[in-house]
Amino acid sequence: MNYSITNLTQVADCDALLSWAAKEQADLNFKRISDERLTARYAENAQELDAVLQGVLAELTATETIIAVLPEGPSKEDAINKRTRLEYKKFLLETRRESYGSVALLEKEMDLARVMQELTEVDAFILSVNSRKAELQQQSAA
């Protein structure tokens, strides 16, 4: 972005802006590190949840097949109970996947990208203010 840097007429103003920008930069760097760690954790969780869910779905399919061929009795009742537990486990995994899975991973990746863009902009701002500060120092020395 083009900043109205030429409106700065005092080195002290530049120093104040540079101090503020340095704090912003430090805050953004901290957020970047936090977001990088969260993104890595969400990536691991997403893969793990997907793998476990695939296992549960396969087991659920197998249990359905077993229930279909079993005669009435205690074995069939056990298989039906197992199916109920598997359906509940599937529900829990799908719920966790919404909060910690692929969708949440993409949200964290976007947060990280946004912070990276903000850091780039703060760096550009600092560069502009430092350039203006150097001009003002040259003018006062001349």
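Attention here is on the structure that accompanies the text.

One pass over the full model with this rule turns up ten salt bridges. Of the charged contacts in the structure, one is a salt bridge between K23 and D27, with a shortest N-O distance of 2.9 Å. Placement of both K23 and D27 in helix α1 (residues 11-69) is noted, with a separation of four residues, approximately one turn of the helix. A relative accessible area of 38% places D27 in the partly exposed class. The salt bridge involving D50 is made with R97; its shortest N-O contact spans 3.5 Å. With D50 in helix α1 and R97 in helix α2 (residues 74-100), the pair connects residues that are 47 residues apart, well separated along the chain. By relative accessible area, D50 is classed as partly exposed at 28%.

The next subject is the nonpolar core. In terms of nonpolar packing, the biggest core is built from 13 residues, with C14, L28, I126 and V129 touching the most fellow members. The biggest single contributor to this core is helix α3 (residues 102-141), with seven residues. In contact with C14, not counting residues within four places along its chain, are L8, V129, R132, K133 and L136. Counting six residues, the second largest nonpolar core, distinct from the first, contains L49, V56, L86 and L93.

What the rule picks out here adds up to four aromatic pairs. Here Y3 and F125 contribute two aromatic rings whose centre-to-centre distance is 5.0 Å and whose plane-to-plane angle is 80 degrees, an arrangement assigned as edge-to-face. Taken together, the residues Y3 in the segment before α1 and F125 in helix α3 connect sequence positions 122 residues apart. Exposure remark for Y3: the relative accessible area of 29% places this residue in the partly exposed category. Given the relative accessible area of 12%, F125 is considered buried.

It is worth spelling out the packing of α1 against α3 at this point. As a packed pair, α1 and α3 sit with axes 8 Å apart at the nearest point and diverge in direction by 160 degrees. It follows from the interaxial angle that α1 and α3 lie roughly antiparallel. Helix-helix and strand crossings are classified by hand; for α1 and α3 the assignment is left-handed. Class assignment of the residues belonging to the contact of α1 with α3 gives a composition of 22 nonpolar, six polar and 13 charged.

Procedures and definitions
Residues numbered from 1 in each chain as written. Predicted model: local features only at pLDDT ≥ 70, side-chain atom pairs only at ≥ 80, totals over all residues. Heavy atoms only, no water. Salt bridge = Lys/Arg side-chain N within 4 Å of Asp/Glu carboxyl O. Helix = DSSP H or I, 4+ residues; strand = E, 2+ residues; numbered from the N terminus. Buried < 20%, exposed > 50% of the residue type's maximum accessible area, 1.4 Å probe, protein only. Core = buried A, V, L, I, M, F, W, Y, C linked by side-chain atoms within 4.5 Å. Contact = heavy atoms within 4.5 Å. Phe/Tyr/Trp six-rings, centres within 6.5 Å; stacked < 30°, edge-to-face > 60°. Axes fitted to C-alpha atoms, helices over the stretch in contact; angles between N-to-C directions. Parallel < 35°, antiparallel > 145°, perpendicular 65-115°, else oblique. Left-handed = near helix turned anticlockwise from the far one by under 90°. Nonpolar A, V, L, I, M, F, W, Y, C, P; charged D, E, K, R; others polar.

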